[in-house]
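Next come the chains, spelled out residue by residue.
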Amino acid sequence: MAERSDHLTALALATFRANGALLSAGDALTAPFGLSSARWQVMGAVVLAGQPLTVPQIARNMGLSRQSVQRLIDELQKQEMVTLAPNPHHKRARLVRLSPAGEAAYGAVMLQWNALAARLAAGMDETQVKAATEALETLCIRLDEVHPPD
């Protein structure tokens, strides 16, 4: 049993290191567009949803606090990267969507990311990458069960 928890601890530590490296790489990719990794991630959550979302919906999808996502949305709104639209289902929770400038910036960052991802993937075993993805997704599910997001 201890061995299994030791492996999970190693996975957690590797994830922390990878997260730091991904944030650094993301900050380098996004800086020319006036963004940060965190802002890019929030924009990506809206794009991947395929529809405008409220701040609480974005926070839930990302596993972050509503307050931290609200701060990022406020920054993106000041940069005119997102717009807030009325929500017919809720008076105060407005819908977030990318503005034309936000769509252009997000698209440009994604071109840079796709090129970097292709370079990184070239030296990696696809089966291992898929297994790592599945392990991290399972870990997220288990963590949500133990400590549900806000």
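Quick note: structure is the one above.
Residues numbered from 1 in each chain as written. Predicted model: local features only at pLDDT ≥ 70, side-chain atom pairs only at ≥ 80, totals over all residues. Heavy atoms only, no water.

Caption draft 1: Geometry of the pattern of salt bridges. Scanning all chains against the criterion turns up four salt bridges. A salt bridge links Glu126 to Lys130, with the nearest nitrogen and oxygen atoms 3.4 Å apart. With a gap of four residues between them, Glu126 and Lys130 both fall in helix H6 (residues 126–146), about one helical turn apart. A residue is classified by how much of its surface remains accessible, and Lys130, at 49% relative accessible area, is partly exposed. When the shortest N-O distance is used, the salt bridge between Glu145 and Arg142 registers 3.4 Å. A residue pair is termed a helical-turn pair when its members lie 3 or 4 positions apart in one helix, as Glu145 and Arg142 do in helix H6 at three residues. You can call Glu145 exposed: its relative accessible area is 55%. (Salt bridge = Lys/Arg side-chain N within 4 Å of Asp/Glu carboxyl O. Helix = DSSP H or I, 4+ residues; strand = E, 2+ residues; numbered from the N terminus. Buried < 20%, exposed > 50% of the residue type's maximum accessible area, 1.4 Å probe, protein only.)

Caption draft 2: Molecular detail of helix H4 (residues 66–78). Across its 13 residues, H4 extends 18 Å between first and last C-alpha, which sits within 8% of the 18 Å expected from 1.5 Å per residue. Listing the buried residues of H4 in full gives Val69, Leu72, Ile73 and Leu76. Angular distribution of buried residues about the axis of H4 spans 100°; they occupy a single face of the element. If you follow the buried residues of H4, they end up packed against helix H2 (37–49), helix H3 (55–62), strand E1 (82–87) and strand E2 (90–98). Following H4 by one or two positions, Glu80 has its phi on the positive side, about 60°. (Expected span 1.5 Å × (residues − 1). Arc of directions from axis to C-beta. Contact = heavy atoms within 4.5 Å.)

Caption draft 3: Quick peek at the nonpolar core. Formed by 22 residues in total, the largest nonpolar core has its most connected members in Leu35, Met43, Ile58, Ile73, Leu76 and Val96. Counting residues per element, the ones that place at least two in this core are H2, H3, H4, E1, E2 and helix H5 (100–121). If you tally residues by element for this core, the top one is H2, at five residues. Not counting chain neighbours up to four residues away, the residues in contact with Leu76 comprise Leu35, Arg39, Val42, Met43, Met81 and Val82. (Core = buried A, V, L, I, M, F, W, Y, C linked by side-chain atoms within 4.5 Å.)

Geometry only, nothing functional implied.
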